[in-house]
Amino acid sequence: MAVSFVGSTPITEYIYKATNAKRCQALGGAKNHAIVMPDADMNNVVNQLLGAAFGSSGERCMALSVVVGDAAADALVEKVQKAMQSLKVGAFSEKSNDFGPVITKAHQQKVVGY
């Protein structure tokens, strides 16, 4: 048997120790990367980065947290910052919100026992 896990560093460490290091691939604090080429359509890049970074409130394995692209970095950062200012955060049930918490208080109490 083997274990492969991607997640937060504390949980990854727990899983690694629990397997006694027998065929365990434990990727804690994993980061996904995007490479932005100098000739990229920056408006499209910004839209895709916002979806990747904030989609599912960052609670999915493919949340994007690292962008690489020296030639376009300053312009890209400026555009992303401007686009982020217009995002509306709040309850998912409110259709005008772009994103919000994915865990309700009731769910948290049920799962974690708070």
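Residues numbered from 1 in each chain as written. Predicted model: local features only at pLDDT ≥ 70, side-chain atom pairs only at ≥ 80, totals over all residues. Heavy atoms only, no water.

Comments concerning the overall build of the protein chain
And then number 1: Counting its regular elements, the protein chain contains four helices and four strands.
And then number 2: The order of helices and strands in the protein chain, counted from the N terminus, is β-α-β-β-α-β-α-α.
And then number 3: Expressed as a percentage of contacts within the protein chain between residues at least 6 apart in sequence, the contacts between residues at least 24 apart total 45%.
And then number 4: Taken as a whole, the protein chain presents about 8700 Å² of accessible surface, with 56% of it coming from carbon and sulfur. (Helix = DSSP H or I, 4+ residues; strand = E, 2+ residues; numbered from the N terminus. Contact = heavy atoms within 4.5 Å. Areas by Shrake-Rupley, 256 points an atom, 1.4 Å probe, with all protein chains shown as cover.)

Overview of the environment of L27
And then number 1: Looking at the element boundaries, L27 is found in strand β2 (residues 24-28).
And then number 2: Taking the relative accessible area as the measure of exposure, L27 reaches 38% and is therefore partly exposed.
And then number 3: Spatially, the C-alpha atoms of L27 and S4 are 8.0 Å apart, while their sequence positions differ by 23 residues. (Buried < 20%, exposed > 50% of the residue type's maximum accessible area, 1.4 Å probe, protein only.)

Considerations on the layout of surface pockets
And then number 1: Size it by volume and the largest pocket reaches roughly 270 Å³.
And then number 2: Going through the elements one at a time, α2 (42-54), β4 (64-68) and α3 (73-85) are the ones with two or more residues in the lining of the largest pocket.
And then number 3: Taken together, the residues of the lining of the largest pocket sort by class into 15 nonpolar, two polar and no charged. (1 Å grid on protein atoms, 1.4 Å probe; cavity = no way out; pocket = protein on both sides within 12 Å on 5 of 7 lines; lining within 4 Å. Points joined across faces, edges and corners; volume = space filled by probe spheres on them. Nonpolar A, V, L, I, M, F, W, Y, C, P; charged D, E, K, R; others polar.)

Some words on α3
And then number 1: Helix length check: α3 (13 residues) gives 18 Å between terminal C-alpha atoms against 18 Å at 1.5 Å per residue, within 8%.
And then number 2: When α3 is considered as a whole, its buried residues turn out to be L76, V80 and A83. Summarising the axial view, the buried residues of α3 lie within an arc of 65°, below the 170-degree limit, and thus occupy one face. Turned more than 90 degrees from where α3 packs its buried face, D74, E78, K82 and Q85 sit exposed. (Expected span 1.5 Å × (residues − 1). Arc of directions from axis to C-beta.)

Thoughts on the side chain of N97
And then number 1: Its place among the elements puts N97 in the loop between α3 and α4 (105-112).
And then number 2: Setting aside residues up to four positions removed in sequence, N97 forms contacts with K88, V89, G90 and A91.

Quick notes on the nonpolar core
And then number 1: With 13 residues, the main nonpolar core has V46, L49, L76 and V80 as its most contacted residues.
And then number 2: Listing elements by their share of this core, those giving two or more residues are α2 and α3.
And then number 3: If you tally residues by element for this core, the top one is α2, at six residues.
And then number 4: Apart from the residues lying within four places of it in its own chain, the contact partners of V46 are L76, K79, V80 and A83. (Core = buried A, V, L, I, M, F, W, Y, C linked by side-chain atoms within 4.5 Å.)

Coordinates in, geometry out; function isn't part of it.
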